[in-house]
Amino acid sequence: MTKRVLSQLVVSAASLSLTAAFAPSGLTNIAHLSSNNHLATRISAPLSSSANSDEVIDADIIALSTNPTLNLTPEGYGFSSPISRVMKESGKSGYYRAKSSESVVDVMGKIGKNEVALVFDEENDKELMGIFTDFDFIRLSTEQARARTEEESATFMAAPVSSFMTTADKLICVEPTSTASQAVAIMTNNNVRHTVLVDKCGPNFSFVPGTSVNGVVSMEALLRLIQSDNRLSYDKLSQKFPGLANKPIEQMREELKSQANALANNEETAKKDIIRVGTAILGAGSIALYATQSAWLSSHAELAMIAIFLLGYIGIIFEEVFEFNKAAVALLMSTGLWVTYADFYGESTGIASANVLEQLKEQLAEVSDICFFLLAASAIVEVVDAHQGFKVVTNLITTKSKKGLFWVIGFLTFFLSAILNNLTVTIVMVSLLRKLVPNDDDRRLFGAMVVVAANAGGVWTPIGDVTTTMLWINNNLSTIPTVTELFLPSLVCLVASLFFLVNNIEEDSSLAESTLPPPSPLAPRGQVVFWTGIASLLAVPVFAELTGLPPYLAMLTGLGAIWTMTDIIHMDDEEEEMKVPAALSKLDTSGILFFLGILMSIGVLDKSGLLKELAQFLNDNLPNQDIIATVIGIASALIDNVPLVAATMGMYDLADYGTDDKLWQLIALCAGTGGSILIIGSASGVALMGLEKVDFLWYAKNVSVGAAVGYFAGIAAYLAQNAILSGALLGGSV
């Protein structure tokens, strides 16, 4: 072999690596690259056990894996990697499983990064009908551009994906034992970027109907693996041929180093590096402090607990900045506080006493009540949504006036969040708004209104908002007084905010462009599930009042009932999407663990007496409980209202402020509605940030004042109502 050919081999290998690493689409025409460098000629190779033995494949790149003189990577790596290894290294199936009836817009929203959609028959979910890739979307967009009206253009995105997919008879397949070079050759020859992985291909690598699909192999995944493996052979190549001119490998490495240095100078990278280093130092220091049983901890345990709580809270508030999941921060904060309290606080001797262990069990029992309640309630709502139960609600929406719709959605959200949790209602209503309100700016304002309405509606029932639920479960509030005495202030809060915010809405004809289908009756099964789910939720306070048992037991009973009922309804169905296990898999488990960590943290502050000291400080420095509750509500705009309410429950004793005391009702109202003032103040607001990409400053500029108007109007309404009921305004008792 001549030095010229070897030199061209090195240049080609380097070009392949750089192209695979930096090409935007991940697609490289390997055959063209190889032929330009005269690396190999067309060869005959049986690429599949089912291929014709005399078939000639345009597979220049196969030479790199079949010729031991050229192949510098070990067998089973680089171009000789079997497809089974390619799939294992990628760590995913490479496709989203779509039903033939799903709309294009829904499928596009569910396809993950570097994935395609495999479309399966609606009736027989094992029958592959075709594939939907970016090329199919480009074809759709081309046809959409020819539409004569906006209405006609919108129908393309709402059309079933089966109308624009590449049908199964045109699919190209590979087998697990095929090599990467063979897969590249197959895709290059057929001008495709994706091929399906099956156990057995048909003639000419065709897909055989009824064959089970094991995954989708993309050109990008192939080249990424080949490039990674080839990197291992560069040193070997340089050592074998030290006289190679221009040292292309070293040059490439220097270029990569320069690019890495340029990346390190990026502000975002610098921020992340600072966070990483700071976290590592803080973690190492904390571990050393506890592992050495530091005397400082024993003498400053109270200060250490406050510092842990503040650091944890900063991590939770600035979750988006630090990119730490708030559930993880809450759990670490909880552990740190309990270890400090058990081993170093007061008269502790370095190991948890029997009294501390008993306190830990009591706190865990209290927190478990709330976690199980949320788990069961969320599962019930998921099951109802899976059966399209909310069509009962959406069928009632017919207005084409934007301001009229603003009021309708507001009141609908208000009453729905009273019987469902406000986070779930926010998610459902924002999903609905995507079909009703096509304009992005309008939809952000509608979504912000949903947050205000959901938080206001969740206040006046024990199951509507997690903070009211916490107070109810802890016996600070009872059912009937909560509903009767907090309904009017919550309604005033909503109406005042809507009056202010509706002025930002400009009437036009955009609602005529909505994609919401015409009202249609809900199937009998859906109606049964919907009303059973609603009955299960509404029966919770009744069950608790009649039996005296904890509310979470009533919610778990409702979940068990709807679980059994859906199992009976779908007894002969193979589809699992409509059953409770599928609903449980969709639940926000990290959110429940966040509540666990927060409430356990607040619990240890209560057990240590720190919250009592805070309560005494507020009593000494603020004139009355009304102002204290108002301040707590304003604080909940910046800080999550769950720990605020939990802290308040520990600050004031039920012996001093009994069930349904004015203080507890005002705290429920303020903490629930105050979180609407800023978008980070409630779970509903945080959900809106994720769903509609609403940022903090936009919300503060366009919504915060309106939310604050409603907040103070609600407080005023409650104080006036309380004064009337107590007879203060009538000059006597009622």
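Attention in this report is confined to the structure presented alongside it. What you see is a predicted model, and the numbers here were worked out from it, not measured in a lab.

Topic: the overall build of the protein chain
Consideration 1: Within the protein chain, the regular secondary structure consists of 34 helices and nine strands.
Consideration 2: Burial analysis of the protein chain (734 residues in total) assigns 48% to the buried set.
Consideration 3: Partitioning the intrachain contacts of the protein chain with sequence separation of at least 6 by distance along the chain shows that 71% fall at a separation of at least 24.
Consideration 4: Split by element, the accessible area of the protein chain, about 34,600 Å² in all, is 60% carbon and sulfur.

Some thoughts on the packing of aromatic side chains
One pair of aromatic rings is described through two measures. These are the centre distance and the angle between the planes.
Consideration 1: This model, assessed by the stated rule, comprises 13 aromatic pairs.
Consideration 2: A centroid spacing of 4.8 Å and a plane angle of 75° characterise the contact between tryptophan 460 and phenylalanine 487, whose relative ring orientation is edge-to-face. Of this pair, tryptophan 460 sits in the loop between helix H21 (440–457) and helix H22 (466–473) while phenylalanine 487 sits in helix H23 (residues 479–501), placing them 27 residues apart in sequence.
Consideration 3: In this structure phenylalanine 487 comes out as partly exposed when scored by relative accessible area, which is 27%.
Consideration 4: Relative to phenylalanine 712, the ring of tyrosine 711 lies with its centre 5.1 Å away and its plane at 70°, an arrangement referred to as edge-to-face.
Consideration 5: With a relative accessible area of 0%, tyrosine 711 lands in the buried category.
Consideration 6: Linked through ring pairs, Phe414, Phe415, Trp460 and Phe487 together constitute an aromatic cluster.
Consideration 7: The ring of phenylalanine 120 carries the charged tip of arginine 97 above its face, separated from the ring centre by 3.8 Å.
Consideration 8: Cation over ring: arginine 444 sits above tryptophan 698, and NZ or CZ is 5.9 Å from the ring centre.

Section: the state of the cysteines
By definition, a disulfide is the covalent link that joins the sulfur atoms of two cysteine residues.
Consideration 1: In total, this model carries one disulfide according to the counting rule given.
Consideration 2: One disulfide bridge connects cysteine 173 with cysteine 201, the sulfur atoms lying 2.4 Å from each other. On the criterion of sequence distance, the pair formed by cysteine 173 in strand E7 (residues 173–174) and cysteine 201 in the loop between strand E8 (194–198) and strand E9 (213–218) is long-range, its members being 28 residues apart. Each of the two residues, cysteine 173 as well as cysteine 201, counts as buried.

Regarding the nonpolar core
Consideration 1: With 132 residues, the main nonpolar core has Phe406, Ile409, Met470 and Tyr699 as its most contacted residues.
Consideration 2: Among the elements that make up this core, the one with the highest residue count is helix H17 (residues 354–386) (13 residues).
Consideration 3: When sequence neighbours within four positions are dropped, the list of residues in contact with isoleucine 409 reads Ile397, Met429, Leu432, Leu433, Leu436, Met449 and Val450.
Consideration 4: Met87, Ile172, Val174 and Phe205 belong to the second largest nonpolar core, which has 20 residues in total.

Some remarks on helix H24 (residues 524–547)
Consideration 1: The end-to-end C-alpha distance of H24 is 33 Å, a good match for the 34 Å that 24 residues give at a rise of 1.5 Å each.
Consideration 2: Every buried residue of H24 is listed here: Gly526, Val529, Phe530, Gly533, Ile534, Ser536, Leu537, Val540, Pro541 and Ala544.
Consideration 3: Two residues or fewer past H24, glycine 548 is found with a positive phi of approximately 75°.

Quick look at the sheet that holds E7
Consideration 1: Judged by pairing direction, the sheet is mixed, and its three strands sit side by side in the order E7-E8-E9 without closing on themselves. The open sheet has two free edges, formed respectively by E7 and E9, since each of these has just one partner strand.

Quick word on the sheet that holds strand E4 (residues 116–120)
To summarise the sheet geometry, strands pair through backbone hydrogen bonds and adopt either a parallel or an antiparallel arrangement.
Consideration 1: Read from one edge to the other, the open sheet built from four strands follows the order E3-E4-E5-E6, with strand pairing classed as mixed. A strand with exactly one partner marks an edge of an open sheet, and here the two such strands are strand E3 (95–99) and strand E6 (166–167).

Considering the side chain of aspartate 442
Consideration 1: Note that aspartate 442 resides in helix H21.
Consideration 2: Given the relative accessible area of 12%, aspartate 442 is considered buried.
Consideration 3: Engagement of the side chain of aspartate 442 in a polar contact is seen with the side chain of lysine 402, the distance being 2.5 Å.

Rules and cut-offs
- Residues numbered from 1 in each chain as written.
- Predicted model: local features only at pLDDT ≥ 70, side-chain atom pairs only at ≥ 80, totals over all residues.
- Heavy atoms only, no water.
- Helix = DSSP H or I, 4+ residues; strand = E, 2+ residues; numbered from the N terminus.
- Buried < 20%, exposed > 50% of the residue type's maximum accessible area, 1.4 Å probe, protein only.
- Contact = heavy atoms within 4.5 Å.
- Areas by Shrake-Rupley, 256 points an atom, 1.4 Å probe, with all protein chains shown as cover.
- Phe/Tyr/Trp six-rings, centres within 6.5 Å; stacked < 30°, edge-to-face > 60°.
- Lys NZ or Arg CZ within 6 Å of the ring centre and 35° of its normal.
- Disulfide = S-S within 2.5 Å.
- Core = buried A, V, L, I, M, F, W, Y, C linked by side-chain atoms within 4.5 Å.
- Expected span 1.5 Å × (residues − 1).
- Pairing = 2+ DSSP bridges.
- Polar contact = N/O pair within 3.5 Å; in protein donor to acceptor, adjacent residues only side chain to side chain.

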